[in-house]
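Spelled out from the first residue to the last, the chains are:
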Amino acid sequence: MAVYGPRGGAGATFLATNLAAACSRSGSTILADLDLFFADVTAALGFDADQETRTLGDLVPVLDELAGEHVEPVLRDHAGGFRALVAPAAPDTVGGFSA
């Protein structure tokens, strides 16, 4: 399932985070923040952006061979019962990948 907001303030982050929490009641759920420019999911979920955190950017070097063993260590657990793949705090930290 994908949630897209055409502009800031449309409620996409609110909807995506709440959908992830609702879906997690029925099974394993992963919320992936693919917004490399704003990474609003990190803040919405209460994750500390300053903390040394593995992000989507850490997967770029292994994109050609991406497997579950690469993704698992990058996921962050949330109290809502789902896991999140967060975007990096700054888009320039994701070399070789563009949104």
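Above: the structure in question.
The structure reproduced in this document is the subject of the present report. On a predicted model such as this, the values are computed, not experimentally measured, just so you know.

Parameters at a glance
Residues numbered from 1 in each chain as written. Predicted model: local features only at pLDDT ≥ 70, side-chain atom pairs only at ≥ 80, totals over all residues. Heavy atoms only, no water. Core = buried A, V, L, I, M, F, W, Y, C linked by side-chain atoms within 4.5 Å. Buried < 20%, exposed > 50% of the residue type's maximum accessible area, 1.4 Å probe, protein only. Helix = DSSP H or I, 4+ residues; strand = E, 2+ residues; numbered from the N terminus. Contact = heavy atoms within 4.5 Å. Expected span 1.5 Å × (residues − 1). Arc of directions from axis to C-beta.

All right, on to the nonpolar core then. Ranked by size, the top nonpolar core spans 10 residues in total: Ala16, Ala20, Ala21, Leu31, Val41, Leu45, Phe47, Phe82, Ala84 and Val86. Here the element with the most residues in this core is helix H1 (residues 12-24); it accounts for 3 residues. With near-sequence residues (within four places) excluded, leucine 45 lies in contact with Thr17, Leu31, His78, Phe82 and Ala84. In this structure, Ala39, Leu59, Leu75 and Ala87 belong to the second largest nonpolar core, which totals 8 residues.

In this model, H1 (13 residues) spans 18 Å end to end at C-alpha, consistent with the 18 Å of a helix rising 1.5 Å per residue. Considered for burial, the residues of H1 that qualify are Ala16, Thr17, Ala20, Ala21 and Ser24. Taken end-on, H1 shows its buried residues confined to a sector of 130°, consistent with a single buried face. Looking at the buried side of H1, the elements it contacts are strand S1 (30-32) and helix H2 (40-44).

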